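Tertiary structure, described
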Amino acid sequence: MITPNTHYADLKDSYLFYNIAQKTQAYVAAHPGTRLLRMGIGDVSLPLCEVVIKALHEAVDDQAAKDTFHGYMPECGWPFLRETIAGHYAKRGVAVGADEVFVSSGASDELGDILDLFDRGSSALVVEPAYPAYVDANVMAGRKTVHLPSGEDNGFLPEPGADAKADLIYICSPNNPTGAVFDREKLRRWVDFANENGSVILFDAAYEAFIEDPALPRSIFEIDGARTCAIEICSLSKTAGFTGTRLGYTVIPRELVRGGMRFNDMWVRNRTTKTNGVSYIIQKGGAAVFTDEGQAQIAENIRYYKENARILMRALDGLGIWYCGGKNAPYIWLKCPGGMGSWELFDLLLSEVQVVGTPGEGFGACGAGYFRLSTFGDRDETVEAAARLTKLLGK
Ligand code: PLP
């Protein structure tokens, strides 16, 4: 009889969003007709922008004619898109080769798949609170995970140190769920630490487009030394509303070598074995994001979410509730008022004002007592949620 991967038995019982969905469904079933305001899961609410839709339509038409039809795409990405993305980095002063850019179906897929590059006996450090998939993907692989908690004392941006030694280091900046962003100096300390220890940083830049402060790094490759210790994982999901369309990219510098093996070459070998590339139609839509028009249109959508953030932040300021994030990130991370637990606040908001948020402890033990609000919602619903929070918590 075949032996299953028994590491699946080590996974925590249920996934955060599954728990939230269960509780929410149970509430709606018991209260039919309820208007829920979903400020929880980080899905976008605005449609794809005009230039992307146009490119997608054109790509469909390309597939209808013999001369323009595309079959299998190159496994590592359409060369035009790889070059376009490298050019996008160049505009920000970051030198990345087109052969260092790998087009993916999104950051989630990549965060799981990329673990193929590392020995199962290696350890993974997760800076917490963190996106739950980091830990789960490593548990599934049987890898040892080290949890590095952060808190209000360090602005949810912990420093490297003796307790942070691991082979793989996950850093997400802007962070989901806290919205905290590493500045250059703090990120440089992690880069130096990784180079000193021979570690590899998996830098999750899924929210880089939300950084508005020009002094903050949007790519780890803005930091000297990162090319010998980092892989950057990016996504168009939140940047350009591709959550349901699926496109991302990963940068693996050619200088990233451990034990005589070059990770860029290994990833080419991996991709050419395990995928047949991302759909031509979707890559064509993705390329439109990087045009001047595309950049202007996605910036408009991001401004919409930023205004949602301001509405929620004003409500929290009025209530005197501590929070971080919101300014350079699409998430607001607040301290549960009155010493409430995070599931306690979740239940209270659901039952009293039908606002659904995300309990902080779902992102690691140090998230207990905190709560995440997403700013990706509809404007009217955000305004309504802010009003309901003010009414309930201002009592
Ligand atoms: N990384 C972080 C930090 C995220 O929050 C998310 C999605 O919410 C992802 C990665 C996954 O993004 P994608 O939609 O590209 O799979």
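It should be noted that the structure appears before, not after, this text.
So, a few notes on the structure that sits alongside this text. (Residues numbered from 1 in each chain as written. Predicted model: local features only at pLDDT ≥ 70, side-chain atom pairs only at ≥ 80, totals over all residues. Heavy atoms only, no water.)

A word on the overall build of the protein. Assigned secondary structure in the protein consists of twelve helices and 15 strands. Computed over C-alpha atoms, the radius of gyration of the protein comes to 21 Å, within 12% of the 21 Å expected from 2.2 N^0.38 for 395 residues, which places it in the range of a compact globule. Considering only contacts in the protein between residues 6 or more positions apart, those separated by 24 or more positions represent 73%. As presented, the protein carries roughly 17100 Å² of accessible surface, and 53% of it is formed by carbon and sulfur atoms. Positive and negative side-chain charges of the protein, numbering 39 and 50 respectively, have mean locations separated by a distance of 1 Å. (Helix = DSSP H or I, 4+ residues; strand = E, 2+ residues; numbered from the N terminus. Rg over C-alpha atoms; globule rule 2.2 N^0.38 Å. Contact = heavy atoms within 4.5 Å. Areas by Shrake-Rupley, 256 points an atom, 1.4 Å probe, with all protein chains shown as cover. Lys, Arg positive; Asp, Glu negative; His and termini not counted. Charge placed at Lys NZ, Arg CZ, Asp CG, Glu CD.)

Below, the discussion takes up empty space enclosed by the protein. Within this structure, the stated rule accounts for three cavities of 30 Å³ or more. Reported here for the largest cavity is a volume of approximately 60 Å³. When contributions to the lining of the largest cavity are tallied by element, the ones reaching two or more residues are β3 (123-128) and β5 (168-172). The element that contributes the greatest number of residues to the lining of the largest cavity is β5, accounting for three residues. (1 Å grid on protein atoms, 1.4 Å probe; cavity = no way out; pocket = protein on both sides within 12 Å on 5 of 7 lines; lining within 4 Å. Points joined across faces, edges and corners; volume = space filled by probe spheres on them.)

A word on the layout of surface pockets. Approximately 400 Å³ is the volume attributed to the second largest pocket. Lining the second largest pocket are 21 residues, and of these Gly-42, Ser-108, Tyr-131, Tyr-207 and Lys-238 lie nearest its centre. Element by element, the count of residues in the lining of the second largest pocket is highest for helix α4 (residues 107-113), at three residues. Taken together, the residues of the lining of the second largest pocket break down into ten nonpolar, six polar and five charged. (Nonpolar A, V, L, I, M, F, W, Y, C, P; charged D, E, K, R; others polar.)

Here we take up the sheet that holds strand β8 (residues 248-251). Taken together, the seven strands give an open sheet; going across it, the order is β2-β8-β7-β6-β5-β3-β4, and neighbouring strands pair in mixed fashion. Taken across any chain shown, the strands that pair with only one partner, and hence form the sheet edges, are β2 (101-104) and β4 (144-149). Looking at each pair of strands side by side, their axes are set apart by 20° on average, direction ignored. (Pairing = 2+ DSSP bridges. Axes fitted to C-alpha atoms, helices over the stretch in contact; angles between N-to-C directions.)

Reading across from one edge, β11-β12-β15-β14 is the order of the four strands in this open sheet, with antiparallel pairing throughout. Among the strands making up the open sheet, the edge pair consists of β11 (323-325) and β14 (358-359). The sheet contact formed by β14 and strand β15 (residues 370-374) spans two bridges and is antiparallel. Bridged to Thr-358 within β15 is Arg-372. Strands β11, β12 (331-335) and β15 of the sheet are contacted by helix α10 (residues 292-319), whose axis makes an angle of about 10° with β12.

Turning to the side chain of Asn-264, a few remarks are in order. Within the secondary structure layout, Asn-264 lies in helix α8 (residues 263-274). Here Asn-264 falls in the buried class, since its relative accessible area comes to 2%. Within the structure, the side chain of Asn-264 is placed 2.8 Å from the backbone oxygen of Ile-252, a separation counted as a polar contact. Beyond its immediate sequence surroundings of up to four residues, Asn-264 is in contact with Asp-99, Glu-100, Phe-102, Ile-252, Pro-253 and Arg-254. (Buried < 20%, exposed > 50% of the residue type's maximum accessible area, 1.4 Å probe, protein only. Polar contact = N/O pair within 3.5 Å; in protein donor to acceptor, adjacent residues only side chain to side chain.)

If you check the shell around the ligand, you find 15 residues, and the closest are Asn-176, Asp-204, Tyr-207, Ser-235 and Ser-237. One of the side-chain nitrogen or oxygen atoms of Asp-204 is found 2.6 Å away from a nitrogen atom of the ligand. When the free accessible area of the ligand is taken as 400 Å², the share hidden by the protein chains comes to 92%. Of all the secondary-structure elements, those providing two or more residues to the shell around the ligand are α4 and α7 (237-240). No other element matches α4, which puts three residues into the shell around the ligand. Class assignment for the residues of the shell around the ligand results in seven nonpolar, five polar and three charged. (Near = heavy atom within 4 Å.)

Pairing is possible between side chains that carry opposite charge, provided their charged atoms lie close to one another. Taken as a whole and judged by the stated rule, the model has 23 salt bridges. For the salt bridge of Lys-284 with Asp-62, the shortest nitrogen-to-oxygen distance reads 3.2 Å. In this pair, Lys-284 is assigned in helix α9 (residues 280-289) and Asp-62 in helix α2 (residues 50-62), connecting sequence segments 222 residues apart. Between Lys-274 and Asp-116 there is a salt bridge, and its shortest N-O distance comes to 2.6 Å. One end of the pair, Lys-274, is in helix α8; the other, Asp-116, is in the loop between α4 and β3, with 158 residues separating them in the sequence. For Asp-116, a relative accessible area of 39% puts it in the partly exposed group. (Salt bridge = Lys/Arg side-chain N within 4 Å of Asp/Glu carboxyl O.)

Across the interface, α2 lies against α9 with an axial gap of 8 Å and an inter-helix angle of 150°. Overall, the two elements α2 and α9 adopt an arrangement that is roughly antiparallel. Like other packed secondary-structure pairs, α2 and α9 cross with a definite hand, here right-handed. Contacts between α2 and α9 involve Val-51, Val-52, Ala-55, Leu-56, Glu-58, Ala-59, Val-60 and Asp-62 from the first element and Tyr-280, Ile-281, Ile-282, Lys-284, Gly-285, Ala-288 and Val-289 from the second. For the contact of α2 with α9, the per-class residue count stands at eleven nonpolar, one polar and three charged. (Parallel < 35°, antiparallel > 145°, perpendicular 65-115°, else oblique. Left-handed = near helix turned anticlockwise from the far one by under 90°.)

Further remarks concern the pairing of strand β6 (residues 200-204). Taken across its five residues, β6 has five buried, putting it largely inside the fold. Of the two faces of β6, both are covered, the one formed by Val-200, Leu-202 and Asp-204 as well as the one formed by Ile-201 and Phe-203. Pairing geometry for β5 and β6, over five bridges, is parallel. Residue pairing for β6: Ile-169 is matched across the bridge by Ile-201. You can see the chain leave β5, run along helix α6 (residues 184-197) and come back into β6, and the turn it takes is right-handed. (Right-handed = clockwise from strand over helix to strand, strands pointing away.)

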